[in-house]
Amino acid sequence: RTGRRVAVVGSGPAGLAAADQLNKAGHTVTVYERADRIGGLMMYGVPNMKTDKTDVVQRRVDLMAAEGVEFVTGAHVGVTHSVEELRAGSDALLLACGATRPRDLAIEGRDLSGVHFAMDFLSANTKSLLDSGHADGQYIDAAGKRVVVIGGGDTGTDCIGTALRHGCAGLVNLELLPQPPAGRAQGNPWPQWPRVFRTDYGHAEAARRFGSDP
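These numbers were taken from a predicted model, which means no experiment stands behind them.

**Thoughts on helix H1 (residues 13-24)**
Because the α-helix completes a turn every 3.6 residues, residues three or four places apart line up on one side.
Step number 1: In this model, H1 (12 residues) spans 17 Å end to end at C-alpha, consistent with the 16 Å of a helix rising 1.5 Å per residue.
Step number 2: For H1, the complete set of buried residues consists of Gly15, Leu16, Ala18, Ala19, Asp20 and Asn23.
Step number 3: Check the buried side of H1 and you find it contacts strand E1 (5-9), strand E2 (28-32), helix H3 (53-66), strand E3 (70-72) and strand E4 (92-95).

Structure representation (structure tokens):
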């Protein structure tokens, strides 16, 4: 060990990757996480069917703990733990907090019942699943509801897949951009990333269940 201590705030992908590298360099690393489980976005933001929490996320956390990384959960820096406290007990402080403030839409109907942010929906679902197999009812249940998902990226796909597993009655996905072509357009040559139409797992599952791409 180098004798130097590093405090890492946030246990998502960035925080865990940094903690792993710092630990391998010989420093003593402590990771502070606001939630009750380590993993950040990978634990609560990404659904279980996409990334298994026991065999993938928790297994990696357990390996890092066995290698000497210390984890502190329920640590809301600025509330339960002060920045001054962390700085006083370490030689370096690394902020890997992520961005948990969602982008809101100031539009008519935003305040109506049943309108939720994606991460509130996904995180509560995963926590309830891990805590009780959904028996505690502490999640936003889409069972029997007609669901509209705004946004066609990875997060939107995860919301689609989660709503399907709840047993939603119908599903529509709204995307701002026009549908891309099936193959590369003339202005999108190699080695640029191919901007082509793709069907992710959520859309494929929805099409199989309801008969068409949402």
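Next comes the rest of the account.
**Overview of the pairing of strand E6 (residues 170-174)**
Step number 1: Pairing between strand E5 (residues 146-150) and E6: five bridges, direction parallel. Looking across to E6, one finds that Ile150 is bridged to Leu174.
Step number 2: A crossover links E5 with its parallel partner E6, the connecting element being helix H6 (residues 154-166), and its sense is right-handed.

**Regarding the packing of helix H5 (residues 118-132) against H6**
Step number 1: The geometry of H5 relative to H6 is characterised by a closest axis approach of 10 Å and an angle of 50° between their N-to-C directions. Relative to H6, the element H5 is oriented oblique. Like other packed secondary-structure pairs, H5 and H6 cross with a definite hand, here left-handed. The residues of H6 that touch H5, namely those facing Ala118, Met119, Phe121, Leu122 and Asn125, are Thr155, Asp158, Cys159, Thr162, Ala163 and His166.

**Description of the side chain of His203**
Step number 1: Summarising the element assignment, His203 is placed in helix H7 (residues 201-210).
Step number 2: Within the structure, the side chain of His203 is placed 2.8 Å from the side chain of Asn173, a separation counted as a polar contact.
Step number 3: In this structure His203 touches Thr157, Ile160, Asn173, Asp213 and Pro214, once residues within four positions along its chain are discounted.

**A closer look at the sheet that holds E4**
Step number 1: The four strands lie next to each other as E3-E2-E1-E4, forming an open sheet whose pairing is parallel. Where the open sheet ends on each side, the last strands, each with one partner, are E3 and E4. For this sheet the average axis-to-axis angle between neighbouring strands, irrespective of direction, equals 20°.

**Describing the packing of aromatic side chains**
Note on aromatic pairs: each is described by the distance of the centres and the angle between the planes.
Step number 1: The final tally for this structure, using the stated rule, is zero aromatic pairs.
Step number 2: Just above the ring of Phe117 sits the side chain of Arg110; from NZ or CZ to the centre is 4.7 Å.

**Remarks on the pattern of salt bridges**
Step number 1: This model, assessed by the stated rule, comprises nine salt bridges.
Step number 2: Note that Glu67 and Lys24 form a salt bridge whose closest N and O atoms lie 3.7 Å from each other. Highlighted residues: Glu67 in the loop between H3 and E3 and Lys24 in helix H1, separated in sequence by 43 residues.
Step number 3: Exposure remark for Glu67: the relative accessible area of 39% places this residue in the partly exposed category.
Step number 4: Ionic pairing is found between Asp131 and Arg37, a salt bridge with its closest N-O pair at 2.9 Å. Here Asp131 is found in helix H5, whereas its partner Arg37 is found in the loop between E2 and helix H2 (41-45), with 94 residues between them in sequence.
Step number 5: Looking at Arg37, the relative accessible area reads 22%, which means it is partly exposed.
Step number 6: Linked by salt bridges that have partners in common, Asp36, Arg37, Lys127 and Asp131 make up one network.

Each value, and the rule that gives it
Residues numbered from 1 in each chain as written. Predicted model: local features only at pLDDT ≥ 70, side-chain atom pairs only at ≥ 80, totals over all residues. Heavy atoms only, no water. Helix = DSSP H or I, 4+ residues; strand = E, 2+ residues; numbered from the N terminus. Expected span 1.5 Å × (residues − 1). Buried < 20%, exposed > 50% of the residue type's maximum accessible area, 1.4 Å probe, protein only. Contact = heavy atoms within 4.5 Å. Pairing = 2+ DSSP bridges. Right-handed = clockwise from strand over helix to strand, strands pointing away. Axes fitted to C-alpha atoms, helices over the stretch in contact; angles between N-to-C directions. Parallel < 35°, antiparallel > 145°, perpendicular 65-115°, else oblique. Left-handed = near helix turned anticlockwise from the far one by under 90°. Polar contact = N/O pair within 3.5 Å; in protein donor to acceptor, adjacent residues only side chain to side chain. Phe/Tyr/Trp six-rings, centres within 6.5 Å; stacked < 30°, edge-to-face > 60°. Lys NZ or Arg CZ within 6 Å of the ring centre and 35° of its normal. Salt bridge = Lys/Arg side-chain N within 4 Å of Asp/Glu carboxyl O.

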